[in-house]
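A structural walkthrough
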Amino acid sequence: MGGPAAVSGGGSNVYEHLIDSSKPWWKNRRLVALNGWILLLLITSSTNGYDGSMMNGLQSLPQWESAFNHPTGGMLGLLNAIQNIGCLAAYPFSPYMSDGLGRRTAVVFGAFIMCAATILQTASHSVGMFIGARFMIGFGLTFAASAAPVLVTEIAYPSQRGPVTSLYNSLWFLGSIVASWTTFGTFHIPSSWSWRIPSALQGLPSVCQIFLVWFIPESPRWLCSKGRENEALRTLAYYHANGNENDPLVEYEFEEIKAALKFDREVAANVGWKSLFTTPGNRRRLRIMIAIAFFSQWSGNNLISYYMNKIFIAIGITDSKTQLLINGILNIYNFIIAILAGLLCDRIGRRPMFIASTIGMFVFWTLQTVCFALYSETGNLAAAHTFIAMIFLFYAFYDIAFTPLIVSYTVEILPFAIRAKGFTVFNFSVTLSLIFNQYVNPIALAALGWKYYLVYVCWLAFEVVFIFLFLVETKNRTLEETAVLFDGEDNVDRLAHVAAEQAGVIASEQHSEREKASTDNIVEVAKV
């Protein structure tokens with residue numbers, strides 16, 4: 001499972017020369033339409049973000065607390081974790097639907113389940129009913145969230161793939177913002193509608209997807225894998241070249257997709273779950289995917305996200321309105337930083353962003369721990385206020401990489417044949433880490449107080465070392481080149497060469513070079 005710490009992300013000159021830079025994308029009607037459909041897929045992440053912030057906000061609502069008998073400890077952990085348990089239950093099935101019936105079908109199937117579950121959650125009149133509804137939300141979310149980012153990365157315009165796929169996880173905070181300010185707004189409603197209204201709004205993204213998802217193009221890569229190559233070519237041409245099937249970029253993309261599918265079949269004839277472990281390249285992918293999945297939840301952020309009100313109480317901030325206000329401001333702050341970081345991923349590179357993120361988190365989590373300890377041991381109010389500032393600075397560094405990049409990086413390093421299954425393993429790892437945190441965090445925080453923060457200080461130090469040693473750079477490559485990167489640089493060059501040759505790009509470039517050489521010779525003769 002060994003490998004180099006970094007691989008150059010120089011990219012393919014053939015690919016770069018084929019991009020139409022004559023006008024910005026927003027003046028291309030079909031690219032605008034494509035990005036509109038991509039946005040509809042991106043809001044799948046908002047459903048997940050909404051849930052985390054809603055549960056955080058509900059814990060500050062006296063009406064919700066009294067309706068569910070003031071849950072604490074294990075019961076509070078279960079109310080938060082049950083959505084992720086529902087996710088776990090769906091993981092064995094979701095990749096088969098995505099690979100077998102198509103990405104769009106998986107998205108709309110998940111959306112239907114989440115709509116039904118939201119109705120049940122809103123109508124809940126007992127703890128059991130609320131828990132059952134949240135289990136269903138998690139079950140449906142797995143189908144939609146396993147297919148949506150994969151479809152985004154497979155239909156995006158090549159030069160926009162990195163940034164738009166990075167926006168997927170960044171839009172987690174859009175849902176989180178809506179939830180936090182909704183619970184803040186319903187705080188003064190004296191009835192159970194103070195928590196039922198936020199519960200009902202959780203289904204809004206799914207309703208939009210049910211009605212509009214059929215207008216989204218199916219993945220050209222999925223269509224090619226099912227022998228529907230003509231449909232794949234038409235889809236690429238329609239959105240990437242205004243319908244011109246002979247456009248050099250479209251021809252190159254199409255030939256590269258076919259070459260990558262052929263390469264995948266040569267490397268692993270069996271693309272079942274076992275194939276994730278059978279080749280050195282796949283084992284390297286798996287090591288990185290599982291690591292960043294756990295890092296994304298075990299960096300201390302989950303402790304803040306789901307149990308912020310408990311932390312506030314521990315440092316002396318007991319007013320519910322103040323807690324909700326800080327939560328709402330923090331989510332807007334996170335959203336802005338994550339969006340900016342995602343848009344810069346192709347300029348800066350994945351590896352520098354991950355390294356900066358882990359180092360920054362380690363520094364500011366350590367400072368949080370010091371402030372928490374000072375307040376707990378001495379009652380120092382300045383330390384409590386500084387602690388709040390450290391939360392914002394910690395999240396600034398978390399948002400540089402772990403919000404925008406974990407999904408896009410995972411999807412792009414996986415070859416098509418195992419992309420759905422590999423992404424399911426990634427999501428399974430995220431969910432497993434979440435469930436552990438949601439059960440352990442409230443119990444450990446109550447028992448250990450500020451000393452529990454020391455566990456995360458040690459873990460963050462490990463993250464810094466791991467990322468520095470093993471994370472591979474992937475910027476400025478096509479999706480197929482990035483996926484095959486882990487199988488060796490020679491295979492990347494071979495894939496690009498085959499695609500360029502089949503698309504006639506090499507011949508065209510050689511002809512241009514001959515023409516240039518001929519012109520230079522004529523100029524030299526004329527000088528003589």
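Residues numbered from 1 in each chain as written. Predicted model: local features only at pLDDT ≥ 70, side-chain atom pairs only at ≥ 80, totals over all residues. Heavy atoms only, no water.

We count it as follows: UniProt positions are given in the numbering used here, feature names are shortened, and annotations may be inferred rather than shown by experiment.
The name given to the protein chain in an unreviewed UniProt entry is General substrate transporter, with the source organism recorded as Obba rivulosa. In UniProt, the protein chain has this text filed under Sequence similarities (unreviewed entry): "Belongs to the major facilitator superfamily. Sugar transporter (TC 2.A.1.1) family." In its Catalytic activity (unreviewed entry) section, UniProt records this for the protein chain: "myo-inositol(out) + H(+)(out) = myo-inositol(in) + H(+)(in)".

**Topic: the packing of helix 17 (residues 280–297) against helix 23 (residues 405–413)**
We apply this condition: Only the stretch in contact is used when a helix axis is fitted, and all axes are lines through C-alpha atoms; the angle between N-to-C directions ranges over 0 to 180 degrees. Note on conventions: DSSP H or I runs of at least 4 residues are helices, E runs of at least 2 residues are strands, and numbering of each starts at the N terminus. In this scheme, roughly parallel covers angles under 35 degrees and roughly antiparallel covers those over 145, while 65 to 115 is roughly perpendicular and the rest are oblique. Note on convention: the crossing is left-handed when the near helix lies turned anticlockwise from the far helix by less than a right angle, right-handed when the turn is clockwise. Contacts are residue-level and defined by heavy atoms, with any inter-residue pair within 4.5 Å sufficient. Classification used: nonpolar for Ala, Val, Leu, Ile, Met, Phe, Trp, Tyr, Cys and Pro, charged for Asp, Glu, Lys and Arg, polar for all others including Gly.
In the contact formed by helix 17 and helix 23, the axes pass within 11 Å of each other and the chain directions differ by 170°. Relative to helix 23, the element helix 17 is oriented roughly antiparallel. Remark: the crossing between helix 17 and helix 23 carries left-handed chirality. Residue-level contacts link Arg285, Ile288, Met289, Ile292 and Ser296 of helix 17 to Ile406, Tyr409, Thr410 and Ile413 of helix 23. Split into classes, the residues belonging to the contact of helix 17 with helix 23 amount to six nonpolar, two polar and one charged.

**Considering the nonpolar core**
Defined as follows: We call a set of buried residues a nonpolar core when its members are Ala, Val, Leu, Ile, Met, Phe, Trp, Tyr or Cys and they connect through side-chain atoms within 4.5 Å of each other. Relative accessibility decides the category of a residue: with a 1.4 Å probe and only protein chains considered, values under 20% of the type maximum give buried, values over 50% give exposed, and everything between is partly exposed.
In terms of nonpolar packing, the biggest core is built from 105 residues, with Ile292, Ile315, Phe354 and Trp365 touching the most fellow members. Discounting chain neighbours no more than four positions away, the residues touching Phe354 are Ile292, Ala401, Phe402, Leu405, Ile406, Ile467 and Leu471. Residues Leu61, Phe130, Ala179 and Phe187 belong to the second largest nonpolar core, which totals 16 residues.

**Thoughts on the pattern of salt bridges**
To be explicit about the condition: One speaks of a salt bridge when a side-chain nitrogen belonging to Lys or Arg is within 4 Å of a carboxyl oxygen belonging to Asp or Glu.
For the structure on display, the rule yields 11 salt bridges. Note that Arg103 is salt-bridged to Asp99, the shortest N-O span being 2.9 Å. Judged on exposure class, the residue Arg103 and its partner Asp99 are both buried. One salt bridge connects Arg104 with Glu218, and the closest N-O pair in it is separated by 4.0 Å. Of the two residues, Arg104 sits in helix 7 (residues 103–122) while Glu218 sits in the loop between helix 12 (204–212) and helix 13 (220–225), which places them 114 residues apart along the sequence. We classify Arg104 as partly exposed; its relative accessible area is 21%.

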